[in-house]
Amino acid sequence: QSPVNDMDELFEEIKTYLDITWDMTAAEEKKLRGSIKRGMAYLEGKIGRCNFYEDTQEKALLMDYCMYERAGQFPEFVNNYKPEIISLQMNRWRENAENQG
């Protein structure tokens, strides 16, 4: 699949996760797509390369990120998910160390 199709599929999954059952306006869709992109950038900035297109821990975090951001609670996301993000950072560091040595 192409990244565009993957992104559209991810958008639909997150929309469902957030219980958005109505036809979104163009502005609502743009806002949610922006939230998804910001979430991806935030998580990759903290963890490193992530897979958001399969059922991964990173994808679950992205969905929760979007939920918190949508509610205007980004600082709460950071507080509530810090241990999980640190755990993923450590796993990524270990994987990279094993691949190098």
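It should be noted that the structure appears before, not after, this text.
Just so it is clear, the model here is predicted, and its values are computed rather than measured.

## Here's the deal with the side chain of Asp-64
Residue placement: Asp-64 occurs in helix 3 (residues 57-70). A polar contact is formed between the side chain of Asp-64 and the side chain of Tyr-17, at a distance of 2.4 Å.

## Describing the nonpolar core
Of all hydrophobic cores here, the largest spans 25 residues; its most connected members are Ile-14, Ile-36, Leu-43, Leu-62 and Phe-77. Contributing elements (two or more residues each) for this core: helix 1 (3-17), helix 2 (26-47), helix 3 and helix 4 (74-100). Contacts of Leu-62, omitting those with residues within four sequence positions, involve Leu-10, Ile-14, Ile-36, Gly-39, Met-40, Leu-43 and Phe-52.

## Re the environment of Cys-50
Its location among the elements puts Cys-50 in the loop between helix 2 and helix 3. Given a relative accessible area of 14%, Cys-50 falls into the buried group. When the C-alpha atoms of Cys-50 and Asp-64 are compared, they prove to be 15 Å apart, with 14 residues separating the residues in sequence. The residues contacting Cys-50, other than those within four sequence positions of it, are Leu-43, Glu-44, Glu-58 and Arg-92.

## Observations regarding the side chain of Lys-59
Tracing the chain through its elements places Lys-59 in helix 3. Relative accessible area serves as the criterion here: at 3%, Lys-59 is assigned to the buried category. Not counting chain neighbours up to four residues away, the residues in contact with Lys-59 comprise Leu-10, Glu-13, Asn-51, Phe-52, Tyr-53 and Glu-54.

About the criteria used
- Residues numbered from 1 in each chain as written.
- Predicted model: local features only at pLDDT ≥ 70, side-chain atom pairs only at ≥ 80, totals over all residues.
- Heavy atoms only, no water.
- Helix = DSSP H or I, 4+ residues; strand = E, 2+ residues; numbered from the N terminus.
- Polar contact = N/O pair within 3.5 Å; in protein donor to acceptor, adjacent residues only side chain to side chain.
- Core = buried A, V, L, I, M, F, W, Y, C linked by side-chain atoms within 4.5 Å.
- Buried < 20%, exposed > 50% of the residue type's maximum accessible area, 1.4 Å probe, protein only.
- Contact = heavy atoms within 4.5 Å.

As far as function goes, none of this settles anything; it's purely spatial.
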